[in-house]
Amino acid sequence: MKPGTRTLLAGGAVFAAMSIISVQTPAQQRLAAQQAPSGPEVVREEVVSGPAAAGGAAAGAGGGGAGAAAGAGARKAGAAAGAAPSRFQCAAGQNGGATDKGVSATKIRLASTHVLSGDGSSFLGSSHVGMEAVVSNINSKGGICGRLLDLTLRDDGWQAPLGASFIQNFINDPTGYFALPVVPSSEGLTQAIKSRYIGNGKVPVVGTDGMLKEQYQDPYVWPVATATVSTMRIMAKQAYDSGARQFGIVWDSRYKFGKEGAKAFEQYVKKLPGAHLDANIGIPPGQPSYPDTERFNADCGPAKRCEFVAMLLEPGTAISWINSMGDDSAGRRLGFGSKGTGGAQPLFNAKFARDCGEPCNGMLLWTGYNPPIGEKLNLPGVAKYVNDVKAIDPGADVSNQFLEGAYLGMTVFVEALKRVGPELTRARLKEVMDSLAFQSDLASPLTYGPSRHYANLGAQAFTVRTAAGSFSGFADAGTGFILDPSPGDFPSGG
Amino acid sequence: MSAAAVSPRRTERVTGSAASTEAPTVRLSVAGRRLGLVGVLAFVLAFPYLPFVPFSVLGNANVAAQYALVSISLVVLVGWVGQISLGHAGMVGVGAYVTGMAMGGLHVGFPVSLLWGAAGGMAVAVPLGVVALRVRGLYLAVATLIFSWIGQEFLFRQEWFTKHSSIQVSPVGKWDTIPYFPWDDRKVFYYAAWATVVLAIYLMANLRDSKTGRSFFAVRGSEVAAASLGIDVMRTKLAAFAVSGLLAGAAGSLILVGQQTVTPDAFTVERSLFFLAVAVVGGLSSLGGSVAAAFVFAFLNEAFFRVKAFEGYLTVASAALLAIVLLLYRGGLAQVPADLAPRLRRLRVFVDPVLAPVVSWTNRLGDGLARWVGAHANRLRGRLPSGERPTEVVIQSPSALLALLSRLTGGRIKAPRAVVRTEAPLDLGPPKDEEPELASIVSLPMNRQSAEPGSVASVLPFNQVERKPVVMAADRDERRVVLAAEGITVRFGGLVANEDVSLKVCEGEVVGLIGPNGAGKTTLFNAIAGLNEPAAGRIELFGQDVTGLPVHHRALLGVGRTFQAIQLFAQLSVFDNLLVATHQHNPTGMLAHLAVTPASLAAEAEARQTVQRVIRLLDLRDVAHRRVADLPFGVLRMVEVARALVTGAKVIMLDEPASGLDNNETDRLVELIRFIRSLGVSILLIEHDVKMVTNVSDHLYVLDRGRLLAEGPAFLVAQDEAVVAAYLGRAVEHGAAAEAGR
Amino acid sequence: MSSLVRLLLLSLPNIGAYAIFAIGIVVIFRASKVLNVAHGAMAMVPAYLVTWMNKGGVPIAVAFVLGVLSGGLLGLVVERLFVRPLRQVSVTAQTVGTVAALGLMVALAGKVWGTGTEKAAAVFPDHVLRVGSSSLRTGQLGLFLVMLAVAGGLTALLQLTDIGLAMRGAADNRRAASLMGVDPDVAISGAWVLGGATAAVAGILLAAITNLNPLTLSLQAIPAFVAALIGGLGSLFGAVVGAAIVGGTTGLVPAIASLQQVQGMQQLLLGLVALAVMAMRGERYVATDVRNGL
């Protein structure tokens, strides 16, 4: 395959992507318009090697000239990204063999920690299914440039020291692992980042899903999740845009997502003209009842109900909190906003909604992905996600956002590998990741830059619906992906 | 027997190996064994750089060092002093965060920051110890649990305390760092971590084999008994807390430096329980066991990293390990060598033929090496004390390092030692492996010539004061009063146990205190010893008012005692039980014990000699090295009296010493009491057995319902009709009935 | 209605749960002189069992009774398996035995039921009881009332009957128990059965108003240790008073804004109170019998 052919293929892929953008929701269009100048390349996830890419080119041709101008710009950038001289070809036996640690002619060795035992296994326990779904998909098509993906997963029990030491072991493995994709065990990863194992080892960690700020600030980590701080600002922005001025927040004071998110929420609300944060309460998780509700109600209670209340809690804590709330004179549960209540991604699950029941009716739950719910199921990317995962584990809960995040993270990683091509090195992977723009049905478009690893800036809301007092399902709130109003702002402290 | 081999510890080893004479056909020579040791040492030192050692194994070797240090810290507190801690993660956490503060805030470099961490751990352990002083075992367990809880919920979540939880370790040539060592490198850290652990083991082994260590064991065994021997129980506990906190803090420091980041989740209550599990699996009182258990738990991590099939069983495995050890193999890993040795010996028949050539080559190589090393090291000899006379007792330094050096050079390098003169060579009796009949081992020296007055002075412990048999004045009022209680009243709530009781013991007297059950004898006894606080009255010892003084102060003034329910230290040998009693005559302190100073060695030698003398005097040689818990009751009574004697007390209080003894044993006890009296020691005796008391006492006090009923010379009181009618009659009948029942 | 009263009202469920736990801890401690670290786990397992049975169609009342019985059985098993074999070693070893029991129960429950947070079966039909402008749920009030019943019943049982007296000093004074015609071993086991059953009551009711999680529920007993300690570890009444102090403090601290801001303030205050209580009481020396020394 000659360089010219490669450029042509890349151009075809861009065309394919542009054609999809043209049928997006208004929010996404706004987003695309914002990002088009800065985003060097936009590719669609289905782009695989050789033959599939040709299909993509065909699709691009069918899509018309909607993005002709953008495509031209993109082609230039694409040429730059793919400009490194390639002595090898993207085919088995001609890929250059062992181009870097963990890479051989037939294999790319990858490693990751995950959680099968201990506290986090309830919501992170199925993440490996998402990763394995992508891997088996790719391997069944012959791998990437003739190299199969060889993924090693290890359970670290969500214990930070153990997970960090596993990651350090992976980095220093004598045979070598090329990269660490996804790493669902966030505690260990966070510690490994703070301990500078990742930075010193210069090992790419692609597609992480932990949402904590450390992951967005390391030059070798590229998350796919929307940061907790972003989600909280988006939540506040949406509420403000719908007319709310009096805000309240209750957050988990034990775990870091609570502190980080609450800080960002507080800072953002204080900047909004006319808005004020009336209640700001951090609570410890796992109490039998919460007398703290009394204080919350003093600030945000029956006398002057807050217009918007954000709940940055884990499901169990949130249920105890809601149960400790009294009702107002109209019989409505206190602790909810008069114009809306928002929950962050930890609450985005059916079990929470079921356990909460009537009081949570109308509550908005936010996620950074397109969950397989309602109309979103019709999106080809989402449908493919569901099918891929069910093929690996028919019993997997596909609405688990951590599972979907792991799938997306692995997909992004695979995409980057493809774009690096046969001469696979960590340096080139970093180069590619640092200029990757990735478009899929699973999330808002991801745009990475050298000092911009907070690629996913969008979050959208789903409404909890109840019928006869019990949970009847989630409904799309129609917000679309709203973008973080102050991207890249990770407040210190917390 | 060379002088070096005379020290008791040394002798134990010699007899221990003598017992295994039947087994081996092939053996490493001494030099060969030294060579093996050098080989092991070389392996340990080269470990990080051995090509076949995987990176993950190295990492877990470092984790093992951290576990080992925490476990040693627990061994000191829980294993040796018996103070249970369910909150060690709290101390470890404080050590880690204080280290972070020092490194991040004050820019202290690594080796020095270890001291900061250790100090931090100590700073929280000591206040916790102060609380612990006031309470009993399980209250302490809750206190430490609460401490860990406060750490988990409050301290480790405060911004000001944890803001340096991530640190940059590599020092860049500051004054307090060793420049250009990348401490965050696993290989370099291995040396730092294990050097810390080895140093900790060295210091703790020194401590264990010293007066301080014995006072730890004594407090664990029985606090009242420890206090009665002059040990300050409070201070001992506090010292243990300080040492334990120091080690835990150092471990926290290592954890932070090894990981460069810590999270509060690493120091939770569950973690406290985990640390305790490591110590328990190690055997809870053994330093070597701690290291072994640390490796076992670190190996679990390795197994979970290596074997995919184990996934999901991480939490189950460590819980199961603790349960298995606790229920099925209580001695923990420390017990493995003892259990395994006989089996290995049996295997030798098959292994020896294969090993023979290897062994013979090693021996040759080792002998050659030893000669070479010895020749070169001999030049150092001039500086060290030399000359060995058979009339000297030599206590070798318990320091492992120096002993190792000494052995490596075939004794050419001498470990520092203390030389103490004795009149005669010591005889430790038959080796402990030859078990004598225990039924009648206690015979008393009165049957022998050794009790003649002339030899008594030389045989008595700590005879700073000249002692001869006291010539008592005929009139009691002219005798020197050594112990006096005046108008003692003791109340428990509304119950009056003693009311206005006065008694005195004069020099050289045996004073009996009798009365029916519930008369308040033991209460009075405890008031005199300092265990009860009297509501009114005054107690004098040797003319000094001691009414408010704690038990150990009174002991230091020269009062010894025994207990109705025997309070020997069950886990210690008879020899060590008596050795504890030398506590008050050993002037050296904990720091001297840690550093094994010559002064501490000299004091140790003197203490051992004293115990030797008493053991010979009371003919306890047959049981000297047996664990107290394994001995029959009659022997224990004698040992307890012997222990009181070793303290050098001038008054000994015996609380129902004859209870539980048969006639034969009681007769011996009477002989012993008379013998002690012949040494010039006064005795206050509580007894049920009226016949025995009147037989042995000079003076009798009769107590009834908390009041003094009668007093006088024993023969007069025994004949006093009122007393006989009212009390003794009953008591005598009772005693006779009890005897008939036997 | 003043805010203070409302806060205390909201503290009732906490007080109830801590009190039942503390009572069980005290009953076990008094009989066997063992600090039962596994108490929370002995509450957690029956709570899971009840939810599991209830999901399987067993009516909640039946499931509750079976759950309490299973708690008693669990107490017996823990005592026989992890405590009694270590009696000859030391009290310390017995306490470590309960640590092992805790670890095993939490780990195995995690394997069987998952480590996630589950909704537990509700014991009382869910209603909101309005008290002024504040409200309390039936489950929360129920927990408090059950606590009163448990405390009253146990006090009557232990103070007024021979069984109670025998249990009281079974570990300290085996002879006394024997003289009363009660086998001290039976008395100790009985205390563990009672302790296990009360733990189950607390666990089931507590899970019903919060949720099920192997570790969280097992560690709920820690504040109860504090309560038992403040109450002196020796009396049921003291345990209830201690629980009231602990529950009340957790309830009132959030009312003070400056304290609420500091994370872990409740635990700090309670911990310090408990340590202070401990520092002010206690015997100075412990006598150990040579035959069962450490």
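Structure: see above.
Bear in mind the structure is a predicted one, so any value in this text is a computation, not a measurement.

1. What about the sheet that holds strand β10 (residues 682-686) of chain B?
All names here are of chain B.
Thinking step 1. Ordered in space as β8-β9-β10-β5-β11-β12, the six strands form an open sheet in which the pairing is mixed. Only two strands of the sheet have a single partner each, and these edge strands are β8 (559-561) and β12 (707-713). Across the sheet, the mean angle from the axis of one strand to that of its neighbour is 15 degrees, orientation sign disregarded.
Thinking step 2. Examined bridge by bridge, strand β5 (residues 510-514) and β10 share four bridges and lie parallel to one another.

2. Section: the nonpolar core
Thinking step 1. Counting 287 residues, the largest nonpolar core has A:L180, A:I198, B:L86 and B:M204 as its most contacted members.
Thinking step 2. The residues contacting B:M204, other than those within four sequence positions of it, are B:I72, B:V76, B:W80, B:V243, B:L247, B:L287 and B:L594.

3. Things to note about the environment of B:Q158
Thinking step 1. You can see B:Q158 is positioned in the loop between α6 (137-153) and α7 (159-162).
Thinking step 2. Classification of B:Q158 as buried rests on a relative accessible area of 8%.
Thinking step 3. Not counting chain neighbours up to four residues away, the residues in contact with B:Q158 comprise C:V262 and C:Q263.

4. Examining the interface of chain B and chain A
Thinking step 1. With 29 residues of chain B at the interface, the matching set in chain A holds 27 residues.
Thinking step 2. At the boundary of chain B with chain A, total buried surface from both sides reaches about 2,500 Å², with 44% on carbon and sulfur atoms.
Thinking step 3. Taken together, the links from chain B to chain A amount to one salt bridge.
Thinking step 4. One salt bridge in this structure joins B:E153 and A:R254, with 2.7 Å as the shortest N-O distance.

5. A look at the packing of helix α4 (residues 88-105) of chain B against helix α5 (residues 110-133) of chain B
Residues and elements named next belong to chain B.
Thinking step 1. Where α4 meets α5, the axes come as close as 7 Å, and the angle between the chain directions of the two elements is 140 degrees. Taken together, the axes of α4 and α5 are oblique relative to one another. Of the two elements, α4 crosses α5, and the hand of that crossing is right-handed. On the side of α4, the interface is formed by M91, V94, G95, V98, T99, A102 and M103, while α5 contributes F110, S113, W116, G117, G120, G121, V124, A125 and L128.

6. Topic: the sheet that holds strand β4 (residues 495-506) of chain B
Residue and element names in this part refer to chain B.
Thinking step 1. The four strands lie next to each other as β4-β3-β6-β7, forming an open sheet whose pairing is antiparallel. Strands at the two margins of the open sheet, each flanked by one partner only, are β4 and β7 (544-545).
Thinking step 2. Where strand β3 (residues 481-492) lies against β4, eight bridges are found, and the strand directions are antiparallel. By the bridge assignment, L483 is partnered in β4 with V505.

7. Some remarks on helix α14 (residues 315-324) of chain A
An α-helix turns once per 3.6 residues; consequently, residues spaced three or four apart project the same way.
Thinking step 1. The buried count for α14(A) comes to nine of ten residues, which makes it a mostly enclosed element.
Thinking step 2. Looking at α14(A), one finds that the buried residues are A:G316, A:T317, A:A318, A:I319, A:S320, A:W321, A:I322, A:N323 and A:S324.

8. Some points on a nonpolar patch on the surface
Thinking step 1. Taken together, the side chains of B:L340, B:L344, B:L347, B:V349, B:F350, B:V351, B:L355 and B:V358 define a hydrophobic patch exposed on the protein surface, amounting to about 740 Å² of accessible area.
Thinking step 2. By the element assignment, B:V351 lies in helix α15 (residues 336-377).

9. A few points about the packing of aromatic side chains
Thinking step 1. Following the criterion strictly, the structure yields 32 aromatic pairs over all chains and no others.
Thinking step 2. Ring geometry for A:Y290 against A:W321: centres 6.0 Å apart, planes inclined by 65 degrees, an arrangement best described as edge-to-face. Of this pair, A:Y290 sits in the loop between β8 (276-283) and α13 (292-300) while A:W321 sits in helix α14, and the two are 31 residues apart along the sequence.
Thinking step 3. Given a relative accessible area of 0%, A:Y290 falls into the buried group.
Thinking step 4. Measuring from ring centre to ring centre gives 5.4 Å for B:W194 and B:F295, while their planes differ by 5 degrees; the resulting arrangement is stacked. Taken together, the residues span a long stretch of sequence, with B:W194 in helix α8 (residues 186-208) and B:F295 in helix α13 (residues 287-306) at a distance of 101 residues.
Thinking step 5. Judged by its relative accessible area of 14%, B:W194 is buried.
Thinking step 6. Aromatic rings pair up to connect B:Y97, B:F156, B:W160, B:F161 and B:F267 into one cluster.
Thinking step 7. Against the face of A:Y240 rests A:R245, its NZ or CZ located 3.8 Å from the ring centre.

10. A word on the pairing of β5(B)
Residues and elements named next belong to chain B.
Thinking step 1. Buried residues dominate β5, accounting for five of its five residues.
Thinking step 2. Strand direction decides the pairing type here: β5 and strand β11 (residues 699-704), joined by four bridges, are parallel. Each bridged residue has a counterpart across the sheet, and for I514 the counterpart in β11 is V702.

11. Concerning the interface of chain B and chain C
A common way to report how large an interface is uses the accessible area buried once the components associate.
Thinking step 1. Contacts between the two partners involve 58 residues from chain B, matched on the other side by 57 residues from chain C.
Thinking step 2. Here chain B is connected to chain C by zero salt bridges.
Thinking step 3. Where chain B packs against chain C, one counts two residue pairs in polar contact (both at pLDDT 80 or more).
Thinking step 4. Counting residues per element, the ones that place at least two in the side of chain B that touches chain C are α6, α9 (211-221), α10 (223-228), α11 (233-259), α12 (269-281), α14 (314-328) and α23 (633-646) of chain B.

The rules we used
Residues numbered from 1 in each chain as written. Chains lettered and ligands numbered in written order. Predicted model: local features only at pLDDT ≥ 70, side-chain atom pairs only at ≥ 80, totals over all residues. Heavy atoms only, no water. Pairing = 2+ DSSP bridges. Helix = DSSP H or I, 4+ residues; strand = E, 2+ residues; numbered from the N terminus. Axes fitted to C-alpha atoms, helices over the stretch in contact; angles between N-to-C directions. Core = buried A, V, L, I, M, F, W, Y, C linked by side-chain atoms within 4.5 Å. Buried < 20%, exposed > 50% of the residue type's maximum accessible area, 1.4 Å probe, protein only. Contact = heavy atoms within 4.5 Å. Buried area = accessible area lost by both parts, 1.4 Å probe. Salt bridge = Lys/Arg side-chain N within 4 Å of Asp/Glu carboxyl O. Parallel < 35°, antiparallel > 145°, perpendicular 65-115°, else oblique. Left-handed = near helix turned anticlockwise from the far one by under 90°. Patch = residues over 30% accessible without salt bridge, like charges linked within 9 Å, V, L, I, M, F, W, Y side chains within 5 Å. Areas by Shrake-Rupley, 256 points an atom, 1.4 Å probe, with all protein chains shown as cover. Phe/Tyr/Trp six-rings, centres within 6.5 Å; stacked < 30°, edge-to-face > 60°. Lys NZ or Arg CZ within 6 Å of the ring centre and 35° of its normal. Polar contact = N/O pair within 3.5 Å; in protein donor to acceptor, adjacent residues only side chain to side chain.

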